[in-house]
Amino acid sequence: MPSPRRNLEGRPLGASTSSSSSPSSPAHGGGGRFEFQSLLSSRGPGADPTCARLRASESPVHRRGSFPLAGTGPSQAPSAPPPDEDLMDLNPSFLGIALRSLLAIDLWLSKKLGVCAGESSSWGSVRPLMKLLEISGHGIPWLLGTLYCLSRSDSWAGREVLMNLLFALLLDLLLVGLIKGLVRRRRPAHNQMDMFFTLSVDKYSFPSGHSTRAALVSRFILNHLVLAIPLRVLVVLWAFILGLSRVMLGRHNVTDVAFGFFLGYMQYSIVDYCWLSPHNAPFLFVLWNQH
Ligand SMILES: CC(C)=CCC/C(C)=C/COP(=O)(O)O
């Protein structure tokens with residue numbers, strides 16, 4: 001009866017060992033190729049290690065990927081191919097590489113633009129002005145301001161617009177809070193957490209809540225207020241500078257702000273689509289009237 005095939009450590013092929021998961025084990029590099037070979041050859045019927053080796057050695061990916069694993073000179077045994085899962089690990093997709101590069105550029109650019117991140121930063125003297133701008137885009141003044149105007153409004157048309165602005169601001173808080181809680185991206189390391197009134201999710205930075213609000217509110221204003229051209233330009237400028245100031249203050253990375261603008265813009269489309277009126281939400285208007 002043929003004796004069971006063994007790997008170079010003397011273990012029967014296919015036998016799982018607790019040591020194979022430890023960092024010093026072959027699977028983690030030392031003589032990892034032996035463990036990979038045993039894994040390949042134990043893959044059930046038809047799993048021919050010779051074929052697998054040929055297939056893998058034809059692949060430039062394997063050649064590149066095996067480099068860190070081999071760590072050995074030509075005098076040692078030829079390296080066996082890693083299993084498919086390992087090939088996948090060693091073969092990052094084009095999308096993966098693009099995302100990693102984008103992230104690296106994002107971090108680098110955000111650090112460069114964070115010129116007001118502290119009092120001692122190169123533009124530290126502008127920091128108070130940037131913080132004033134920060135308050136102009138904060139949720140509290142916008143919510144309180146809208147509620148105040150609603151309470152003072154004496155026309156149905158005005159009330160309708162303000163009711164929808166309130167809905168937009170609440171929707172924005174909800175969506176930004178949700179995404180921040182899901183993505184959990186840390187704020188940049190150079191940020192000082194000295195923001196006025198934050199919620200617990202505001203320790204996260206993606207997306208920038210100020211930027212979503214800036215895009216949402218400015219699109220709302222441009223669509224529902226009749227303004228002279230210079231004022232319209234001012235509204236757009238305010239939104240843009242508010243977004244930029246988030247990176248300059250070191251609160252956000254560029255991608256947080258870019259996505260924030262996109263999300264805020266889309267949120268307006270949702271609000272416009274679900275536009276509340278005395279016809280589709282009469283209870284809201286009656287409630288407010290009684291108020
Ligand atoms: C408490 C309320 C009503 C809003 C929180 C507003 C806030 C602090 C958002 C964080 O913005 P960034 O994500 O741009 O830092």
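Residues numbered from 1 in each chain as written. Predicted model: local features only at pLDDT ≥ 70, side-chain atom pairs only at ≥ 80, totals over all residues. Heavy atoms only, no water.

## Things to note about the overall build of the protein
- Counting its secondary structure elements, the protein contains 12 helices and zero strands.
- Ordered by position from N to C terminus, the α and β elements of the protein give α-α-α-α-α-α-α-α-α-α-α-α.
- Here the protein holds 291 residues, and the buried ones make up 38% of them.
- Pairs at least 24 apart in sequence give 69% of the contacts found in the protein among residues at least 6 apart. (Helix = DSSP H or I, 4+ residues; strand = E, 2+ residues; numbered from the N terminus. Buried < 20%, exposed > 50% of the residue type's maximum accessible area, 1.4 Å probe, protein only. Contact = heavy atoms within 4.5 Å.)

## Details of a nonpolar patch on the surface
- A contiguous nonpolar surface patch, about 1100 Å² in accessible area, is contributed by Ile105, Trp108, Leu109, Leu113, Ile229, Leu231, Val233, Leu234, Leu237, Phe240, Ile241 and Leu244.
- Secondary-structure elements contributing two or more residues to the nonpolar patch are α5 (94-113) and α10 (229-248).
- Counting residues per element, the nonpolar patch draws most heavily on α10, at eight residues.
- Its place among the elements puts Ile241 in helix α10.
- Ile241 sits in the partly exposed class, given a relative accessible area of 36%. (Patch = residues over 30% accessible without salt bridge, like charges linked within 9 Å, V, L, I, M, F, W, Y side chains within 5 Å. Areas by Shrake-Rupley, 256 points an atom, 1.4 Å probe, with all protein chains shown as cover. Salt bridge = Lys/Arg side-chain N within 4 Å of Asp/Glu carboxyl O.)

## Looking at helix α9 (residues 209-224)
- The terminal C-alpha atoms of α9, which comprises 16 residues, lie 22 Å apart, in line with the 22 Å expected from a rise of 1.5 Å per residue.
- Within α9, 13 of the 16 residues are buried, leaving the element largely enclosed by the surrounding structure. (Expected span 1.5 Å × (residues − 1).)

## Side note on the site of the ligand
- As a structural note, the neighbourhood of the ligand is formed by 17 residues, with Lys180, Arg187, Gly209, His210 and Arg246 the closest of them.
- Note that an oxygen atom of the ligand is positioned 2.8 Å from one of the backbone N or O atoms of Gly209.
- In the environment of the ligand, an oxygen atom lies 2.7 Å from a nitrogen or oxygen atom belonging to the side chain of Arg246.
- Protein chains shield 96% of the accessible area of the ligand, which is 440 Å² for the free molecule.
- Listed by contribution, the elements that provide at least two residues to the shell around the ligand are α8 (156-183) and α9.
- Of the residues forming the shell around the ligand, the biggest block, three residues, is contributed by α9.
- When its residues are assigned to classes, the shell around the ligand shows six nonpolar, six polar and five charged. (Near = heavy atom within 4 Å. Polar contact = N/O pair within 3.5 Å; in protein donor to acceptor, adjacent residues only side chain to side chain. Nonpolar A, V, L, I, M, F, W, Y, C, P; charged D, E, K, R; others polar.)

## Concerning the packing of α10 against helix α11 (residues 254-273)
- Here α10 crosses α11 at 155 degrees, and the two axes come no closer than 8 Å. Judged by the angle between their axes, α10 and α11 are roughly antiparallel. Handedness of the crossing formed by α10 with α11: right-handed. On α11, the residues touching Ala239, Phe240, Gly243, Arg246 and Val247 of α10 are Val254, Val257 and Phe261. (Axes fitted to C-alpha atoms, helices over the stretch in contact; angles between N-to-C directions. Parallel < 35°, antiparallel > 145°, perpendicular 65-115°, else oblique. Left-handed = near helix turned anticlockwise from the far one by under 90°.)

## Notes on the UniProt feature "transmembrane region" (unreviewed entry) in the protein
- Mapped onto the present numbering, the UniProt feature "transmembrane region" (unreviewed entry) falls at residues 161-183, 220-245 and 257-276.
- Between the first and last C-alpha atoms of residues 220-245 the distance is 21 Å; the span itself is 85% helix and 0% strand. (UniProt positions renumbered as here; feature names shortened; annotations may be inferred.)

## Comments concerning the packing of α9 against α11
- Relative to each other, α9 and α11 sit at 40 degrees, their axes nearing to 7 Å. With respect to α11, the element α9 is oriented oblique. α11 is crossed by α9, and the crossing has right-handed handedness. From α9, Ser211, Thr212, Ala214, Ala215, Leu216, Arg219, Phe220, Asn223 and His224 reach across to α11, where they touch Val257, Gly260, Phe261, Leu263, Gly264, Tyr265, Gln267, Tyr268, Ser269, Val271 and Asp272.
- A per-class count over the contact of α9 with α11 returns 10 nonpolar, eight polar and two charged.

## A look at the side chain of Lys180
- With respect to the element layout, Lys180 can be found in helix α8.
- Within the local environment of Lys180, its side chain forms a polar contact with the backbone oxygen of Tyr204, the two atoms lying 3.4 Å apart.
- Here Lys180 is in contact with Arg187, Val201, Asp202, Tyr204, Ser205, Phe206, Pro207 and Gly209, once residues within four sequence places are set aside.

## Structural notes on α10
- Taking 1.5 Å per residue as the helical rise, α10 with its 20 residues ought to reach 28 Å, and the 28 Å between its terminal C-alpha atoms agrees with that figure.
- Against the buried residues of α10 lie α5, α6 (127-136), α7 (139-152), α9 and α11.
- Just past α10, the residue Gly250 takes up positive phi, approximately 80 degrees.

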